[in-house]
Amino acid sequence: MERRHGNLAALGLGSLGVVLGGIGVLLFSDRGRRMLRTAGERIWQAPDRFEFWNEPIQEELERIKDTLNQLSKTLQEAQS
């Protein structure tokens, strides 16, 4: 049982080392900083893009809703 806990601890510490090493590469390399900067800019611009995207999606959902209502009405009439 003690050996199992030791193996799990070593696995956890090894995983932590890999994660921290990956973060270090991102923070200390030019390419990593560029990637983080680009990701930050995209996140910053995301609300504007969602706003632009929201109206067409709402219109499409309304069309789908209308179509489903028409289909439901037609099926109910066919069953009567």
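Here the structure is shown first, and the text comes after it.
What this report covers is the structure whose coordinates are included nearby.

Scoring rules and cut-offs
- Residues numbered from 1 in each chain as written.
- Predicted model: local features only at pLDDT ≥ 70, side-chain atom pairs only at ≥ 80, totals over all residues.
- Heavy atoms only, no water.
- Helix = DSSP H or I, 4+ residues; strand = E, 2+ residues; numbered from the N terminus.
- Rg over C-alpha atoms; globule rule 2.2 N^0.38 Å.
- Buried < 20%, exposed > 50% of the residue type's maximum accessible area, 1.4 Å probe, protein only.
- Areas by Shrake-Rupley, 256 points an atom, 1.4 Å probe, with all protein chains shown as cover.
- Patch = residues over 30% accessible without salt bridge, like charges linked within 9 Å, V, L, I, M, F, W, Y side chains within 5 Å.
- Salt bridge = Lys/Arg side-chain N within 4 Å of Asp/Glu carboxyl O.
- Polar contact = N/O pair within 3.5 Å; in protein donor to acceptor, adjacent residues only side chain to side chain.

## Focus on the overall build of the chain
Scanning the chain from N- to C-terminus turns up two helices and zero strands. For 80 residues, the compact-globule estimate of 2.2 N^0.38 gives 12 Å, and the C-alpha radius of gyration of the chain, at 27 Å, exceeds that figure by more than 25%. By the burial criterion, 2% of the 80 residues in the chain qualify as buried. Put simply, the chain shows about 7700 Å² of open surface, and 62% of that area lies on carbon and sulfur atoms.

## Description of a nonpolar patch on the surface
On the surface, L13, L16, V19, L20, I23, L27, F28 and L36 cluster together into a nonpolar patch covering about 810 Å² of accessible area. With seven residues, the single largest contributor to the nonpolar patch is helix α1 (residues 2-28). Position of L13 among the secondary structure elements: in helix α1. For L13, a relative accessible area of 60% translates into the label exposed.

## Things to note about the pattern of salt bridges
Tallying each qualifying case throughout the model produces two salt bridges. Taking the shortest distance from any N to any O, the salt bridge between R33 and D30 comes out at 2.5 Å. You can see R33 and its partner D30 sitting in helix α2 (residues 30-79), three residues apart, about one turn around the helix. R33 sits in the partly exposed class, given a relative accessible area of 34%.

## A few points about the environment of D30
Overall, the relative accessible area of 52% leaves D30 in the exposed class. At 2.5 Å, the side chain of D30 forms a polar contact with the side chain of R33.

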